[in-house]
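Residues per chain, in single letters:
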Amino acid sequence: GDSVTQMEGPVTLSEEAFLTINCTYTATGYPSLFWYVQYPGEGLQLLLKATKADDKGSNKGFEATYRKETTSFHLEKGSVQVSDSAVYFCALSHNDYKLSFGAGTTVTVRA
Amino acid sequence: GAGVSQSPRYKVAKRGQDVALRCDPISGHVSLFWYQQALGQGPEFLTYFQNEAQLDKSGLPSDRFFAERPEGSVSTLKIQRTQQEDSAVYLCASSYTGLSTGELFFGEGSRLTVL
């Protein structure tokens, strides 16, 4: 079945540091790929998505590229802020309603 | 309200008790989803509604779990005879259409602890 493996946390960074969270997946065919983020005290919210190979999703300075050859969708941000402290979830979907999530990566950014 | 609202936010139940968790989706959202998130894990799919129709309940872990959305708006997830392994955060999400054309909007979840 489908599965998502993402980098274990927690990750602690200083402001303006470069952030990478690795995500790889196992799935048949061509799933859509997502990054969701959960800020403290809030619900999960979509950060970015990509629906086909080589697509790049981007939002709020974050980027991720759908790499079919390496079955990966790594999340990157060039200069993090304290407000980026959150739990980040990589996810995939084959259809239009069922998401398979990774375990989540907790990121803490220090001033 | 502007977002997905879930209640109660926290629930402590004794083993064997029945519990009911409520979800108020964003007004006008056709699709509604329930997910279960165990401690330190990602959310896992439980069930999906389109309006009042339950189109997929394949993720419900046992027949003690039951979900309904009788009028195509508010949904209730009921767990009968709770067990300790049911302890988790139960997330509700809604979408105007489906995932392929729109994002899911999640509530903050209901944290269930079974003693």
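Scroll up a little and you will see the structure.
Criteria and thresholds
Residues numbered from 1 in each chain as written. Chains lettered and ligands numbered in written order. Predicted model: local features only at pLDDT ≥ 70, side-chain atom pairs only at ≥ 80, totals over all residues. Heavy atoms only, no water. Helix = DSSP H or I, 4+ residues; strand = E, 2+ residues; numbered from the N terminus. Rg over C-alpha atoms; globule rule 2.2 N^0.38 Å. Phe/Tyr/Trp six-rings, centres within 6.5 Å; stacked < 30°, edge-to-face > 60°. Buried < 20%, exposed > 50% of the residue type's maximum accessible area, 1.4 Å probe, protein only. Lys NZ or Arg CZ within 6 Å of the ring centre and 35° of its normal. Pairing = 2+ DSSP bridges. Axes fitted to C-alpha atoms, helices over the stretch in contact; angles between N-to-C directions. Salt bridge = Lys/Arg side-chain N within 4 Å of Asp/Glu carboxyl O.

S.K.: Summarise the overall build of chain A; cite the residues concerned and give the values.
M.R.: A tally of regular secondary structure across chain A gives 0 helices and 12 strands. Along chain A, helices (α) and strands (β) appear in the sequence β-β-β-β-β-β-β-β-β-β-β-β when read from the amino end. Scaling as 2.2 N^0.38, a compact globule of 111 residues should have a C-alpha radius of gyration of about 13 Å, and chain A matches this with 13 Å. Seen along its three principal axes, the alpha-carbon backbone of chain A occupies a region of about 40 × 25 × 20 Å.

S.K.: Summarise the packing of aromatic side chains; cite the residues concerned and give the values.
M.R.: Applying the stated criterion across every chain yields a total of 12 aromatic pairs over all chains. Each ring, one from phenylalanine 62 of chain A and one from tyrosine 88 of chain A, has its centre 5.6 Å from the other, and the planes form 40°; the classification is tilted. With phenylalanine 62 of chain A in strand 8 (residues 62–65) and tyrosine 88 of chain A in strand 10 (residues 86–93), the pair connects residues that are 26 residues apart, well separated along the chain. In this pair, the class of phenylalanine 62 of chain A matches that of tyrosine 88 of chain A, namely buried. Taken together, the ring pairs connect Phe34, Tyr36, Phe89 and Phe101 of chain A together with Tyr35, Phe45 and Phe106 of chain B into an aromatic cluster. Above the ring of tyrosine 30 of chain A, the side-chain terminus of lysine 68 of chain A is found at 4.3 Å from the ring centroid.

S.K.: I'd love a proper account of unusual backbone geometry, names of residues and values included.
M.R.: Each neighbour pair has its own omega, and for glycine 9 of chain A with proline 10 of chain A the value is -5°, a cis peptide bond. Along the polypeptide, proline 10 of chain A turns up in the loop between strand 1 (3–6) and strand 2 (11–14). Proline 8 of chain B follows serine 7 of chain B through a cis peptide bond whose omega is -5°. For proline 8 of chain B, the location among the structural elements is in the loop between strand 1 (5–7) and strand 2 (10–13). Its identity is not glycine, yet lysine 60 of chain A carries a phi of approximately 55°, on the positive side. On the basis of relative accessible area, lysine 60 of chain A is assigned to the partly exposed category, the value being 47%. Non-glycine residue threonine 71 of chain A carries a positive phi angle of around 45°. Position of threonine 71 of chain A relative to the elements: it lies in the loop between strand 8 and strand 9 (75–77). Residue classification places threonine 71 of chain A among the partly exposed residues on the basis of a relative accessible area of 29%.

S.K.: For the sheet that holds strand 8 of chain A, give the residues involved together with the corresponding values.
M.R.: Residues and elements named next belong to chain A. The strand order across the open sheet formed by 4 strands is 3-9-8-7, and the pairing between neighbours is antiparallel. Bordering the open sheet on either side are strand 3 (19–21) and strand 7 (56–59), each of which pairs with just one other strand. Put simply, the sheet's adjacent strands are angled 15° from each other on average, direction ignored. Relative to strand 9, strand 8 is paired through 3 bridges, and the arrangement is antiparallel. Bridge assignment links alanine 64 to a residue of strand 9, and that residue is leucine 75.

S.K.: Go over the pattern of salt bridges with me, naming the residues and quoting the values.
M.R.: All names here are of chain B. Under the counting rule described, the total for this entry stands at 8 salt bridges over all chains. A salt bridge links arginine 64 to aspartate 86, with the nearest nitrogen and oxygen atoms 2.8 Å apart. Placement of arginine 64 in the loop between strand 6 (53–56) and strand 7 (65–68) and of aspartate 86 in the loop between strand 8 (75–79) and strand 9 (88–95) is noted, with a sequence separation of 22 residues between them. For the pair shown, arginine 64 and aspartate 86 are each scored as buried. Note that glutamate 68 and lysine 78 form a salt bridge whose closest N and O atoms lie 3.3 Å from each other. Within this pair, whereas glutamate 68 is found in strand 7, its partner lysine 78 is found in strand 8, the two being separated by 10 residues in sequence. For lysine 78, a relative accessible area of 32% gives the class partly exposed.

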